There are 2 protein chains.
Amino acid sequence: MNCVFVTGAAGFIGSSLCDRLLKSGIKVVGWDNFSTGQTEFVVKAKEEPSFELKRGDNLDLGLLASAMKGCDTVFHLAANADVRFGLEHPSKDLQQNTIATFNVLEAMRANGIRKIAFASTGSVYGEAQVIPTPEDAPFPIQTSLYAASKVAGEALIQAYCEGFGFEGYIFRFVSILGERYTHGHVFDFYKQLMDDPARLRVLGDGTQKKSYLYVQDCLSALLHVIKAETAKAAPHGCEVYNLGINEYCMVTDSISWICARLGVSPKLEFVGGRQGWVGDNPFIFLDTAKIRATGWQPELTIRQAVERTVDWLRENEWVFQRRAR
Amino acid sequence: MNCVFVTGAAGFIGSSLCDRLLKSGIKVVGWDNFSTGQTEFVVKAKEEPSFELKRGDNLDLGLLASAMKGCDTVFHLAANADVRFGLEHPSKDLQQNTIATFNVLEAMRANGIRKIAFASTGSVYGEAQVIPTPEDAPFPIQTSLYAASKVAGEALIQAYCEGFGFEGYIFRFVSILGERYTHGHVFDFYKQLMDDPARLRVLGDGTQKKSYLYVQDCLSALLHVIKAETAKAAPHGCEVYNLGINEYCMVTDSISWICARLGVSPKLEFVGGRQGWVGDNPFIFLDTAKIRATGWQPELTIRQAVERTVDWLRENEWVFQRRAR
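Because the structure is predicted, anything quoted here is derived from the model rather than measured.

*Asks:* Can you tell me about the overall build of chain A, naming the residues and giving the values?
*Replies:* Assigned secondary structure in chain A consists of eleven helices and 13 strands. Here chain A has a C-alpha radius of gyration of 19 Å; the compact-globule value for 325 residues is 20 Å, and the two agree. In chain A, 81% of the contacts between residues at least 6 apart in sequence involve partners at least 24 apart.

Structure representation (structure tokens):
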């Protein structure tokens, strides 16, 4: 791994990955269309001579293929992460997740690059009947366009591994928290509390159970597995790993940690029923035995990850101006 | 079910479905881009006043949506069925299967149509570890671009069922045989034997196990389940059914039946190893308990289906001129 191509390089996880890779002396080509990426997130990386930032969209296969030239590994993290609003623009997930992944694979093929790590999601398990959910859980029914588009991306990568000798690492993420986090419940709650610390509106009934992983723990897992090259010995040249933590919390737990950290005591207003939104998985809790067996383990608890996120948001309130919905 | 829209209406299964629907008094709008469809297959249907044939491609969403107007149910059978040659043109499966399915769903949404039956494939199970393979087999690794594109189509339909209240029927077909069959091993073997009845070249070692269903049995299953409206009571509004037969054969068995029917005794030449082609599933044998529990059962054995196919090919040798590869 000498030169790594990172899609979504200006995003939350992507920019953090670039920093980690650069720190360990690896050359990085960052690629982002800046639809949600932030130039501020790559300021630090751009100071490094071994970092190159290229602006472009995954739907532009020609530009993508030429940008990738000279790299030997691809971390494909770019995605439409607007999970909750899939039904408002159904083609977005198809384009930015499924077709984008196809283009990444084709650009790799054009450049003779075969190693790919892919950020998938634990929501591909739909409403899992087996919890914690292992990688070989029963063939699921998809319940969101986002998860459907990620399943499609996974399937494409697997077919390229089998058909073109690619080496694939698919990671099914739980929600990730930490520095540079710019969407999801901690972000939404923080924003509401900035506006009015006396009340907090919560989608669903607050009992939704969630599992969160700290971003640096997530990156450690990715880098650990890629370094171990586990897919080389895997059937079909592809490994699928759940990526999460062995604990979960309820939304109300997270709210109490956020409020304690901020020193506020809002009145909670619960809106809606069992689910936060149509297609929201009421409980994503992944069995992470497989990735732990490779020797990786997370260092932060969910509470610590929530607190670091709150601390970072407090120091970076500018992000709320950027992501107006 | 008063007016049915059939994609792939001039194809092997699609045209047979049109005939069946018309026979039971249902109005049919047939849609085909004639990339592999045959005008001869819809000659009979076109004699019916309740049949309308429209030429168009699923990638043309505008035309597709206007063609669908007035229908209440969609049978989405159109697909790139060039399973073996996926690696030669990787974008074809993405476009004609995944994006096409998305367009069919969007065209339905534009017209307020919610009921869809989809022809998926047993090859979505990859190299299944559980045989016979049930619908809730372990989350598989995809081994072909074709299967990957069908998994993507399934996932999209499921997400539309959950998100937009669609009523989805996904059928994972084994290989289908019978009248109007224009691709696959019986077709290939017949063609070879026409050219030279003294020798037959067989991909793989001939021990590949396969399960085949007769086309009219396949259609009976589709119509039976749609009529029973099972998906209305299903979680997420979507049902997935394996569609096959409780027996299988080896390629060599099928060869012996074909040769017996034709009265030839060719020398068999086996080419290649365990698999017929990269991504070929060495053994697809589906557990069909779920669809049988609805009351459906097939009437023909695999041998009878092979023989009917041979008989039809003998009476319709023109199809070999049409499908030159």
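*Asks:* Would you mind going over the sheet that holds strand β6 (residues 167-173) of chain B in detail, with residue names and values included?
*Replies:* Residues and elements named next belong to chain B. Strand order in the open sheet formed by seven strands is β3-β2-β1-β4-β5-β6-β11, with parallel pairing between adjacent strands. With one partner strand each, in any of the chains shown, β3 (51-55) and β11 (238-243) form the two edges of the open sheet. Averaged over all neighbouring strand pairs, the angle between strand axes comes to 15°, with direction disregarded. Pairing of strand β5 (residues 115-121) with β6, which is carried by seven bridges, proceeds in the parallel orientation. The residue bridging T121 from the neighbouring strand is F173, located in β6.

*Asks:* Lay out the sheet that holds strand β11 (residues 238-243) of chain A with the relevant residues and their values.
*Replies:* Residue and element names in this part refer to chain A. A sheet is described by the order of its strands in space; here seven strands give the open sequence β3-β2-β1-β4-β5-β6-β11, paired in parallel fashion. Each end of this open sheet is capped by a strand with a single partner; those strands are β3 (51-55) and β11. Adjacent strand axes in the sheet meet at a mean angle of 15°, parallel and antiparallel pairs treated alike. Along the sheet face, helix α4 (residues 90-111) touches β1 (3-7), β4 (73-76) and β5 (115-121) and points at about 175° away from the line of β4. Lying over the sheet, helix α7 (residues 215-228) contacts β5, β6 (167-173) and β11, oriented at roughly 160° with respect to β6.

*Asks:* Describe in detail the relation of the copies chain B and chain A, supporting the description with residues and values.
*Replies:* Once chain B has been moved 0.0 Å along the axis and rotated by 180°, it coincides with chain A to within an RMSD of 0.0 Å. Accordingly, the operation relating the two chain copies is best matched by a two-fold axis.

*Asks:* Talk me through the environment of B:L64; I want residue IDs and the actual numbers.
*Replies:* Residue and element names in this part refer to chain B. Among the secondary structure elements, L64 is positioned in helix α3 (residues 61-67). With ten residues separating them in the primary sequence, L64 and K54 have C-alpha atoms 9.3 Å apart. With near-sequence residues (within four places) excluded, L64 lies in contact with G56, N58, N103, V104 and A107.

*Asks:* Kindly report on the interface of chain B and chain A, identifying the contributing residues and their values.
*Replies:* Between chain B and chain A, the residue contacts involve 30 residues of the former and 30 residues of the latter. Those elements that provide at least two residues to the side of chain B that touches chain A are α4 (90-111) and α5 (145-164) of chain B. Ranked by the residues each element gives to the side of chain B that touches chain A, the list is headed by α5(B), at ten residues.

*Asks:* Now, about unusual backbone geometry: what can you tell me, with residues and values included?
*Replies:* Residue and element names in this part refer to chain A. Geometrically, the link from I131 to P132 is a cis peptide bond, its omega value of 0° lying close to zero. Considering the arrangement of structural elements, one finds P132 in the loop between β5 and α5 (145-164). Phi is positive for E229, close to 50°, though the residue is something other than glycine.

*Asks:* Tell me what's going on with the environment of B:H76, and back it up with residues and numbers.
*Replies:* All names here are of chain B. For H76, the position within the fold is in strand β4 (residues 73-76). For the pair formed by H76 and T7, sequence separation is 69 residues and the distance between their alpha carbons is 5.0 Å. Every residue in contact with H76, bar those within four places of it in the chain, is listed here: T7, T101, V104, I116, A117, F118 and A119.

*Asks:* Before we move on, could you go through the pairing of strand β8 (residues 199-203) of chain B and cite the residues and values that matter?
*Replies:* Successive residues of a regular strand alternate their side chains across the two faces of the sheet. All names here are of chain B. Here β8 shows a buried face lined by L200 and V202 and an unburied face lined by R199, R201 and L203. Examined bridge by bridge, β8 and strand β13 (residues 267-271) share five bridges and lie parallel to one another. Bridging across to β13, R201 finds its partner in E269.

*Asks:* Any chance you could break down the domain arrangement of chain A for me, citing the residues and the numbers?
*Replies:* Residue and element names in this part refer to chain A. Partitioning chain A into structural domains gives domain 1 (3-176 + 214-243) and domain 2 (178-211 + 246-285 + 299-322). For domain 1 versus domain 2, the distance between C-alpha centres works out to 25 Å. Facing the 25 residues of domain 1 at the interface are 23 residues of domain 2. Residues that form the side of domain 1 that touches domain 2 fall into these classes: ten nonpolar, twelve polar and three charged.

*Asks:* Which residues make up the packing of helix α1 (residues 12-23) of chain A against α7(A), and what values do they have?
*Replies:* Residues and elements named next belong to chain A. Running from N to C, α1 and α7 cross one another at 60°; their axes reach a closest spacing of 10 Å. Taken as axis vectors, α1 and α7 run oblique relative to one another. Judged by the sense of rotation from one axis to the other, the crossing of α1 with α7 is right-handed. From α1, I13, S16, L17 and R20 reach across to α7, where they touch V215, C218, L219 and L223. Across the contact of α1 with α7, the residue classes break down as six nonpolar, one polar and one charged.

*Asks:* Describe the pairing of β6(A), listing the residues and the values that go with them.
*Replies:* Residue and element names in this part refer to chain A. Along β6, seven of the seven residues are buried, which leaves the element largely enclosed by surrounding structure. Because side chains alternate across β6, one face comprises the buried residues E167, Y169, F171 and F173, and the other comprises G168, I170 and R172, equally buried. Looking at chain direction, β6 and β11 are connected through six bridges and run parallel. Bridge pairing links I170 to V240 in β11.

*Asks:* A description of helix α8 (residues 251-262) of chain A should follow, citing residues and the corresponding values.
*Replies:* Residues and elements named next belong to chain A. A rise of 1.5 Å per residue sets the reference length of α8, with its twelve residues, at 16 Å; its end C-alpha atoms lie 16 Å apart and thus fit the reference within 8%. Buried residues along α8 sit in contact with α6 (185-195), β8 (199-203), β9 (209-210), β12 (249-250), β13 (267-271) and α10 (302-315). Downstream of α8 by a residue or two, G263 has a phi angle that is positive, lying close to 65°.

*Asks:* Can you tell me about α1(A), naming the residues and giving the values?
*Replies:* Residues and elements named next belong to chain A. The terminal C-alpha atoms of α1 lie 17 Å apart, and with twelve residues this matches the ideal 16 Å at 1.5 Å per residue to within 8%. Most of α1 is tucked away: ten of the twelve residues are buried. Two residues or fewer after α1 comes G25, characterised by a positive phi angle close to 80°.

*Asks:* Mind laying out the packing of helix α6 (residues 185-195) of chain B against helix α10 (residues 302-315) of chain B, listing which residues take part and the relevant values?
*Replies:* Residues and elements named next belong to chain B. At their nearest, the axes of α6 and α10 sit 10 Å apart, and the two run at 45° to each other. Judged by the inter-axis angle, α6 sits oblique to α10. Seen from above, α6 lies across α10 with right-handed handedness. On α10, the residues touching V186, F187 and Y190 of α6 are V306, T309, V310 and L313.

Cut-off values and rules
- Residues numbered from 1 in each chain as written.
- Chains lettered and ligands numbered in written order.
- Predicted model: local features only at pLDDT ≥ 70, side-chain atom pairs only at ≥ 80, totals over all residues.
- Helix = DSSP H or I, 4+ residues; strand = E, 2+ residues; numbered from the N terminus.
- Rg over C-alpha atoms; globule rule 2.2 N^0.38 Å.
- Contact = placed C-beta atoms within 7 Å.
- Pairing = 2+ DSSP bridges.
- Axes fitted to C-alpha atoms, helices over the stretch in contact; angles between N-to-C directions.
- Least-squares fit on C-alpha atoms with pLDDT ≥ 70 in both.
- Buried ≥ 20, exposed ≤ 12 C-beta atoms within 10 Å, placed from the backbone.
- Domains from an automatic or database assignment.
- Nonpolar A, V, L, I, M, F, W, Y, C, P; charged D, E, K, R; others polar.
- Parallel < 35°, antiparallel > 145°, perpendicular 65-115°, else oblique.
- Left-handed = near helix turned anticlockwise from the far one by under 90°.
- Expected span 1.5 Å × (residues − 1).

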